[in-house]
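# Architecture at a glance
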Amino acid sequence: QIAFYLAQQILTMGMKVKIIENDRKRCMELCEFLPTATIINSDGTDQDVLMEEKLEGADSFIALTESDEANLIISMFAKSKGVAKVITKINRSKYMNVMQQMEIDSFISQQLITSNTIARYVRAMQNTEGSSVETLYKFVDDKAEAIEFIATGNTRHIYEHLKDLKLKK
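Overview of the structure. (Residues numbered from 1 in each chain as written. Predicted model: local features only at pLDDT ≥ 70, side-chain atom pairs only at ≥ 80, totals over all residues. Heavy atoms only, no water.)

## Here's the deal with the pairing of strand E1 (residues 18-21)
In the sheet, E1 pairs with strand E2 (residues 38-41) via 4 bridges, with the strands oriented parallel. When the sheet's bridge partners are listed, glutamate 21 is paired in E2 with asparagine 41. Following the backbone out of E1, through helix H2 (residues 24-33) and into the adjacent parallel E2, one traces a crossover that is right-handed. (Pairing = 2+ DSSP bridges. Helix = DSSP H or I, 4+ residues; strand = E, 2+ residues; numbered from the N terminus. Right-handed = clockwise from strand over helix to strand, strands pointing away.)

## Focus: the side chain of asparagine 71
Among the structural elements, asparagine 71 can be located in helix H4 (residues 68-80). You can call asparagine 71 buried: its relative accessible area is 0%. A polar side-chain atom of asparagine 71 sits 2.6 Å from a polar atom in the side chain of threonine 65. A polar contact of 2.8 Å, which involves the side chain of asparagine 71, links it to the backbone oxygen of lysine 89. In contact with asparagine 71, other than residues within four places in its own chain, are Ala63, Leu64, Thr65, Thr88 and Lys89. (Buried < 20%, exposed > 50% of the residue type's maximum accessible area, 1.4 Å probe, protein only. Polar contact = N/O pair within 3.5 Å; in protein donor to acceptor, adjacent residues only side chain to side chain. Contact = heavy atoms within 4.5 Å.)

## Quick notes on the pairing of strand E3 (residues 60-63)
Residue alternation in E3 divides its side chains into a buried set, Phe61 and Ala63, and an unburied set, Ser60 and Ile62. Looking at chain direction, E3 and strand E4 (residues 85-89) are connected through 4 bridges and run parallel. Note on E4: the bridge partner recorded for phenylalanine 61 is valine 86. Note that the unit made of E3, H4 and E4 has a crossover that is right-handed.

## Focus: the sheet that holds strand E5 (residues 106-108)
Pairing in this open sheet of 3 strands is parallel, and the strands run E3-E4-E5 from one edge to the other. In the strand order of this sheet, the two ends are held by E3 and E5, each with one partner. Put simply, the sheet's adjacent strands are angled 15 degrees from each other on average, direction ignored. With respect to the sheet, H4 is in contact with E3 and E4, its orientation differing from that of E4 by roughly 175 degrees. (Axes fitted to C-alpha atoms, helices over the stretch in contact; angles between N-to-C directions.)

Following this line, the structure appears as structure tokens:
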């Protein structure tokens, strides 16, 4: 599903898309719904298949299998072949440190996306009365956050010192 929706977005930007899918029935569906994409019925974790499909000339590579381990291995392979931008889907957060050490460019995690979306929504709801959240920044491996607010004439605590505010933990 992720590959389908992502391919739709990439195709609308005028870029070429190539999907390697092991399930023949799913390949037929993808061919029908993504007629301008190249759909290949094969094992996307097979290095020979990736080389046949010109992995070395690719601008980007996205690993979206259901296996974190397979995604990591084929992402490392793509990186070793000089692919400029490698994006890897992971399900278990314990692999994030491994990916950073191996210089994988980006990763996506459904758990992180969901938790960040919920956190943004909750913060926005908490702040609708006074100021509003402009931007939420996450850094230090998502262990720290900075929130940008726009202060208006109605903003509570506008002339108070931060040290004097009673903040939630």
